Amino acid sequence: MTLDGFGFDSGDHLVIFGPNGAGKSSLLRRLIGFGDFDPILNAAYLPQKPYAFRGTAELNLTLGLTETEAARAMDLADGLGVSGVLASEARVLSGGELQRLNLARVLARSEEWVILDEPLAPLDVRDRERVAGLIAEAIGDRGSVIVTHHRESAAIFGDKVVVVVDGAVAQQGPIREVFSLPASEVVAAVVGVSNVLSGEVQRREGVLGLILAGDLEIWARTECDVGDVVKLLIPAESVTVFASGGTPVGSARNRWDGVIGELRPAASLVEVLVEIGRSSVVALVTQGSVDGLGLAPSVGVTVAVKASAVRAIGR
């Protein structure tokens, strides 16, 4: 199924990414049939701004739900930390409490798609990753379309990302592909350049975990447990490239030998795609480094990144 260059299939987990005013919310409204448009998806929809109807928080939580959905909403409200405010009038709740209440109601509904517009925006920064994980768990196998501008949340919410700029789809594809190798400088400016890998926690050492991601063993900061499936975020600017055969200097715990697959200009810098077995990592370096190290396609290199620069977050 496609819409103005935006393609999706049943059960997809899509993230819509883009600057303010790019047309992300308009795209969601078209999907649900807002205004003059016919609905494209049978979806439970949460708009961007928290809202409340007259009455108690509990009435707002269960409004329009079946008995089974209402029970599920109560469980979700408990997980989202708002079960203690259900007797209060909804109009006295904070923006964050209202958002959690609305999230619980929308996620409890039984439609085959869930559409959320900036669901984490009103929430405290320190709690966003936990709530994002709860949202992903509640969505389960249903399809989802979620607008966010946080890369960490995008990695939790989605398998694919759609970058919207000036009302048009600028790039769409797997999150790893789009975040690692944006198709243009415009897309790069929107998403930044970052490596997103999938893996599993093998063991823990304090605040660090050893993650197996394809052919790579990667030490990363994480709160996840052994056996958890995670998404790894490695900023391209944190990846250091060394000439093959040289000894990387410094305390970087992650070091791999590979071969350069591609060099791409990125404004005043250069993206270096390094192929490491069946995996790959993108580094962001200066033109001076390219010239000084003799970097070119098929040249062997060593890449290194500190464990403290890598985040591993649960899906």
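**Q** Looking at this structure, I do not really get the sheet that holds strand β18 (residues 311–314). What am I missing?
**A** In any sheet, the strands associate via hydrogen bonds between backbone groups, in a parallel or an antiparallel arrangement. Taken in spatial order, the five strands line up as β9-β10-β11-β18-β12 and close into a barrel, and their pairing is mixed. Strand-to-strand twist in this sheet, taken as the mean axis angle between neighbours without regard to direction, amounts to 50 degrees. Taken together, the seven bridges between strand β9 (residues 194–205) and strand β12 (residues 229–235) define a ladder with antiparallel strand orientation. Looking at β12, one finds that V196 is bridged to L233.

**Q** So what exactly am I meant to see when it comes to the pattern of salt bridges here?
**A** Pairs may arise between side chains of opposite charge once their charged atoms sit close together. Applying the stated criterion to the full structure yields nine salt bridges. Here E129 ties to R311 by a salt bridge, and the two come within 2.3 Å at their closest N and O atoms. In this pair, E129 is assigned in helix α5 (residues 128–139) and R311 in strand β18, connecting sequence segments 182 residues apart. Looking at E129, the relative accessible area reads 33%, which means it is partly exposed. Across the pair E205 and R253 runs a salt bridge whose closest N-O atoms are separated by 3.0 Å. Of the two residues, E205 is situated in strand β9 and R253 in the loop between β13 (240–243) and β14 (254–266); the sequence distance between them amounts to 48 residues. Look at E205 and you get partly exposed, because its relative accessible area is 34%. Residues participating in the shared-partner salt-bridge network are R100, D127 and R130.

**Q** How do you make sense of α5 when you look at a structure like this?
**A** Residues three or four positions apart in an α-helix share a direction because the helix packs 3.6 residues into each turn. For α5, which comprises 12 residues, the first-to-last C-alpha distance of 16 Å matches the rise-based estimate of 16 Å (1.5 Å per residue) to within 8%. Looking at α5, one finds that the buried residues are R128, V131, A132, I135, A136, A138 and I139. Take α5 and look down its axis: the buried residues cluster within an arc of 165 degrees, on one side only. Buried residues in α5 make contact with β3 (13–17), α3 (67–79), α4 (95–108), β5 (113–117), β6 (143–147) and α6 (151–157).

**Q** Honestly, the nonpolar core in this entry has me stumped. Any pointers?
**A** Here is a general trend for soluble globular proteins: nonpolar side chains tend to be buried in one another's company. With 49 residues, the main nonpolar core has F17, L103, L107, L116, I135 and F179 as its most contacted residues. Top contributing element to this core by residue count: α4, with seven residues. Sequence-distant contacts of I135, that is, excluding residues within four places in its chain, are made with L103, L107, L116, P119, L120 and F157. Within the second largest apolar cluster, 29 residues are counted, among which are V201, L232, V239 and L295.

**Q** Where do I start with the pairing of β5 in this structure?
**A** The side chains of a regular strand alternate between both faces of the sheet. Taking burial as the measure, the five residues of β5 include five buried ones, the bulk of the element. Burial along β5 is two-sided: the residues W113, I115 and D117 and V114 and L116 are all buried. Pairing analysis gives four bridges linking strand β4 (residues 43–46) to β5, with the strands arranged parallel. Bridge pairing in β5 links A43 to W113. Relative to β6, β5 is paired through five bridges, and the arrangement is parallel. Counted as the bridge partner of V114 is S144 from β6. Since β5 and β6 lie parallel, the crossover through α5 that links them has a hand, and here it is right-handed.

**Q** Explanation requested: α3 in the structure shown.
**A** With 13 residues, α3 ought to run about 18 Å at 1.5 Å a step, and its terminal C-alpha atoms sit 19 Å apart, in line with that. Along α3, the residues classified as buried are E69, A70, A73, L76 and A77. Projection of α3 onto a plane perpendicular to its axis shows the buried side chains occupying an angular sector of 120 degrees, all on one side. Residues of α3 that are exposed and angled more than 90 degrees away from the buried face: E67, T68, D75 and D78. Directly after α3, the chain includes G81, whose backbone phi takes a positive value near 80 degrees.

**Q** Help me out: how do you make sense of unusual backbone geometry in this one?
**A** Glycine aside, negative phi is the norm for most residues, and most peptide bonds take the trans geometry. Even without being a glycine, E118 presents a positive backbone phi close to 50 degrees. As for its position among the elements, E118 is in the loop between β5 and α5. If you check the backbone angles, S298 has positive phi at about 80 degrees while not being a glycine. Along the chain, the position of S298 falls in the loop between α9 (287–293) and β17 (300–305).

Cut-off values and rules
- The numbers attached to residues start from 1 for each chain and follow its sequence in the written order.
- Only residues with pLDDT of at least 70 are given local features in this predicted model, and only at 80 or more are side-chain atom pairs given and counted; all residues enter the totals for whole chains, interfaces and linings.
- Values reported for side chains reflect all heavy atoms of the structure, with hydrogen atoms and water molecules removed beforehand.
- When DSSP finds two or more bridges between a pair of strands, those strands are recorded as paired.
- Going along the chain from the N terminus, every DSSP run of H or I of four or more residues is numbered as a helix, and every run of E of two or more is numbered as a strand.
- Only C-alpha atoms enter the line fits that serve as axes; for helices the fit covers just the stretch in contact. Angles between N-to-C directions range over 0 to 180 degrees.
- Just to be clear on terms, a salt bridge is a Lys or Arg side-chain nitrogen sitting within 4 Å of an Asp or Glu carboxyl oxygen.
- Exposed residues in this analysis have more than 50% of their type's maximum accessible area, buried residues have under 20%, and partly exposed residues fall in between, with area computed by a 1.4 Å probe over protein chains only.
- Every helix has an expected span of 1.5 Å times one less than the residues it contains.
- Directions drawn from the helix axis to the C-beta atoms are what define this arc.
- What makes two residues a contact is simply this: any of their non-hydrogen atoms within 4.5 Å.
- Among buried residues, those of type Ala, Val, Leu, Ile, Met, Phe, Trp, Tyr and Cys that are joined through side-chain atoms within 4.5 Å constitute a nonpolar core.
- Here the term right-handed applies to a crossover when the path leading from its first strand over the helix to its second strand runs clockwise, the strands being oriented away from the viewer.

These figures come from the coordinates and say nothing about function on their own.
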